[in-house]
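A structural walkthrough
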Amino acid sequence: MDWRGVAEGLLRLFELILPAMVANGTPVVLHGPPPIDLGRRFVDGRRIFGDGKTWGGLLAGITMGTFVGIFEATMLGALIIYYAAIASTGALLGDLCGSFIKRRLGLERGAEAPVLDQLGFYVCALLLLYVVGLRFNIIDELIMAGIIYLLHRGTNLAAYKLGLKLVPW
Ligand code: CTP
Ligand code: MG
């Protein structure tokens, strides 16, 4: 096993996914109406996304994620800003897809959807980075998935204890 290669690959993946992680976490503290679905319902009579997905949260998330890219650019070069914007957009789209799926399953806003809640944003951020031509090692992707899962659990528990979230997931 080439552990040095794994470590280097993980670091590169982390640099590209950090903006997505910040983008995903930002709406918990920075959000605002209107809801993205503007209150509209899907054919099943339930909300398309629900009140937990707002335009304010979407724009704040993409903005903050891109800012992380600007910060990273001081060390890694300007191209990372473009990838940060892509990854942040992917993260928020993934979060939105997750809510769409949750509503179709009949889960109310804020209900827990294990794995989807923690990794939906990551999978979609990776997907969009793939679309623009980036490739990562599957081992690195899986290790990062584990790290993100635990981080998500930890930060959401902290946000709950701080009164920022109503539920600990
Ligand atoms: N949020 C937002 N806009 C977004 C994403 C999140 O305003 N695009 C805010 C909402 O206040 C939301 C909080 O961040 O309640 C936490 O996000 P999340 O856990 O993803 O939403 P939930 O309320 O759990 O809703 P859902 O069941 O749809 O995931
Ligand atoms: Mg939630």
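Structure: above.
Residues numbered from 1 in each chain as written. Chains lettered and ligands numbered in written order. Predicted model: local features only at pLDDT ≥ 70, side-chain atom pairs only at ≥ 80, totals over all residues. Heavy atoms only, no water.

Here we come to the overall build of the protein. When helices and strands are tallied, the protein shows 5 helices and 0 strands. A globule of 169 residues ought to have a C-alpha radius of gyration of about 15 Å, and the protein, at 16 Å, matches this closely. Oriented by its inertia axes, the alpha-carbon framework of the protein measures out at about 50 × 35 × 30 Å. Buried residues in the protein amount to 40% of all 169 residues. Pairs at least 24 residues apart make up 67% of the contacts formed inside the protein by residues separated by at least 6 positions. When the accessible area of the protein is evaluated, it comes to approximately 9,300 Å², of which 71% is carbon and sulfur surface. Across the protein, 15 positive and 13 negative side-chain charges occur, with their mean positions spaced 8 Å apart. (Helix = DSSP H or I, 4+ residues; strand = E, 2+ residues; numbered from the N terminus. Rg over C-alpha atoms; globule rule 2.2 N^0.38 Å. Buried < 20%, exposed > 50% of the residue type's maximum accessible area, 1.4 Å probe, protein only. Contact = heavy atoms within 4.5 Å. Areas by Shrake-Rupley, 256 points an atom, 1.4 Å probe, with all protein chains shown as cover. Lys, Arg positive; Asp, Glu negative; His and termini not counted. Charge placed at Lys NZ, Arg CZ, Asp CG, Glu CD.)

It is worth spelling out the environment of Asp51 at this point. With respect to the helices, strands and loops of the structure, Asp51 is situated in the loop between α1 (3–29) and α2 (55–76). Asp51 sits in the partly exposed class, given a relative accessible area of 42%. Sequence separation between Asp51 and Arg109 is 58 residues, and the spatial gap between their C-alpha atoms is 7.0 Å. Among all residues touching Asp51, those that are not within four sequence positions of it are Pro35 and Arg109. Side chain to side chain, Asp51 and Arg47 meet in a polar contact 2.8 Å long. (Polar contact = N/O pair within 3.5 Å; in protein donor to acceptor, adjacent residues only side chain to side chain.)

Looking now at α1. Its 27 residues give α1 an end-to-end C-alpha distance of 37 Å, which sits within 8% of 39 Å, the value for a rise of 1.5 Å per residue. At Ile17, α1 is deflected by roughly 35 degrees, the largest bend along its length, and proline Pro19 occurs up to four residues later in sequence. (Expected span 1.5 Å × (residues − 1). Bend = angle between axes of the 7 residues up to and from the residue.)

The next subject is the side chain of Arg47. Along the polypeptide, Arg47 turns up in the loop between α1 and α2. Classification of Arg47 by relative accessible area gives buried; the value is 15%. Leaving out residues up to four positions away in the same chain, Arg47 has contacts with Pro35, Asp37, Gly39, Arg40, Arg41, Phe42, Arg103 and Arg104.

Our next topic: unusual backbone geometry. Following Pro33, the chain continues to Pro34 via a peptide bond in cis, the omega torsion being 5 degrees. Relative to the helices and strands, Pro34 is located in the loop between α1 and α2. Positive phi values are uncommon outside glycine, yet Val115 reaches one of about 75 degrees. The class of Val115 is partly exposed, set by a relative accessible area of 48%.

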